[in-house]
Amino acid sequence: MKKIVCIIPARGGSKGLKLKNVRLLNKKPLIYYPIDYALKSKIKMDIFVSTDSVKIAAVAKKFGAEVPFLRKKKYSLDHTTTEETLKNALLEYEEYKKVKYDYCIFLTATDIFRDKKWISIGLKKMINDKKLESVFVGYKTHKNFWQKNANNKWQRLKGWMARYESRQTRRHIVREDTGLFSISKANLWRKGIRIGNNVDIIEHEEDFSFIDIHNEKDLKIANLIFKKFQ
């Protein structure tokens, strides 16, 4: 039996939306959604919320997550990377639980609109292919993307984007959506690496996956979506 941990980072010091992880969306705090998503997957795992906030910790516990300790302040700064946060959370939680995990699941409280099957699909892919380091979801898009080259001139991201074909026959690229769902081998996280190089991607076209709640406008849009479509 593989040992799995789901780690949900939820810093208290958000600048764009104060204490955003406990702000209400459809009458429930944002931190509720990733916890509920993990619980409803029915996959045996530990669910750990990494936070520096006593208030967020209390709410997370209420909905079924473990928060046995608070995150150290040095891992809760504005410029702390997600990779640093996940590495620290895993190492401290493993020390607390006296266990070494095989797989780590990453979910955020600001990405909301998920497919209920992603966790089971991702875990199955990891178990069936021992060479895989990570599986994550990615939004499938046929749109063109541009970047500036070394001469500061705009160029298409890929040469084939110069051919304007129909959407049905055109090649596509995928936007990495690890905040919606990703799973990786735990040894990667212990090295401070969120996603490995040998990956599989669960491609999706979830209409509202672009919502990533970081300010009042994002929250209002998400609430409108819930009222209209959920």
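Here we summarise the structure given alongside this text. (Residues numbered from 1 in each chain as written. Predicted model: local features only at pLDDT ≥ 70, side-chain atom pairs only at ≥ 80, totals over all residues. Heavy atoms only, no water.)

Overview of the packing of aromatic side chains
(1) Moving on: For the structure on display, the rule yields 11 aromatic pairs.
(2) Moving on: Consider the rings of tyrosine 32 and tyrosine 33, whose centres lie 5.0 Å apart with planes at 80 degrees: the pair is edge-to-face. Each member of the pair, tyrosine 32 as well as tyrosine 33, is classed as buried.
(3) Moving on: Considering the side-chain rings of phenylalanine 48 and phenylalanine 69, the 5.4 Å spacing of their centres and the 50 degrees angle between planes classify their relative orientation as tilted. Of this pair, phenylalanine 48 sits in strand 4 (residues 46-50) while phenylalanine 69 sits in the loop between helix 2 (54-62) and helix 3 (82-97), placing them 21 residues apart in sequence.
(4) Moving on: Take phenylalanine 48: its relative accessible area is 1%, and that puts it in the buried class. (Phe/Tyr/Trp six-rings, centres within 6.5 Å; stacked < 30°, edge-to-face > 60°. Buried < 20%, exposed > 50% of the residue type's maximum accessible area, 1.4 Å probe, protein only. Helix = DSSP H or I, 4+ residues; strand = E, 2+ residues; numbered from the N terminus.)

Some thoughts on empty space enclosed by the protein
(1) Moving on: Tallied over the entire structure, the rule returns one cavity of 30 Å³ or more.
(2) Moving on: Looking at the largest cavity, its volume works out to about 30 Å³.
(3) Moving on: In this structure, the largest cavity is lined by Phe48, Val49, Ser50, Thr51, Phe69, Leu70, Arg71, Asn88, Ala89 and Glu92.
(4) Moving on: Elements with a contribution of two residues or more to the lining of the largest cavity: strand 4 and helix 3.
(5) Moving on: Per-class residue counts for the lining of the largest cavity are five nonpolar, three polar and two charged. (1 Å grid on protein atoms, 1.4 Å probe; cavity = no way out; pocket = protein on both sides within 12 Å on 5 of 7 lines; lining within 4 Å. Points joined across faces, edges and corners; volume = space filled by probe spheres on them. Nonpolar A, V, L, I, M, F, W, Y, C, P; charged D, E, K, R; others polar.)

Let's talk about the state of the cysteines
(1) Moving on: In this structure the tally under the stated criterion is zero disulfides.
(2) Moving on: Free cysteine cysteine 6: the closest other cysteine sulfur is in cysteine 104, separated by 9.7 Å.
(3) Moving on: A residue is classified by how much of its surface remains accessible, and cysteine 104, at 0% relative accessible area, is buried. (Disulfide = S-S within 2.5 Å.)

Digging into the side chain of threonine 51
(1) Moving on: Considering the arrangement of structural elements, one finds threonine 51 in the loop between strand 4 and helix 2.
(2) Moving on: Among the polar contacts made by the side chain of threonine 51, one reaches the main-chain amide nitrogen of serine 53 at a distance of 3.1 Å.
(3) Moving on: In this view, threonine 51 contacts Ala10, Gly12, Ile56, Ala57, Val67, Leu70 and Arg71; residues no more than four positions away in its chain are not counted. (Polar contact = N/O pair within 3.5 Å; in protein donor to acceptor, adjacent residues only side chain to side chain. Contact = heavy atoms within 4.5 Å.)

Description of the pairing of strand 5 (residues 103-106)
Across a regular strand the side chains alternate sides, sitting on one face of the sheet and then on the other.
(1) Moving on: Burial along strand 5 is two-sided: the residues Tyr103 and Ile105 and Cys104 and Phe106 are all buried.
(2) Moving on: For strand 1 (residues 4-9) and strand 5, the ladder comprises four bridges, and the chain directions are parallel. Looking at the pairing, cysteine 6 lines up with isoleucine 105 of strand 5.
(3) Moving on: As paired elements, strand 5 and strand 10 (residues 182-185) share four bridges and run antiparallel to each other. Among the inter-strand pairings, phenylalanine 106 is bridged to a residue of strand 10, identified as serine 182. (Pairing = 2+ DSSP bridges.)

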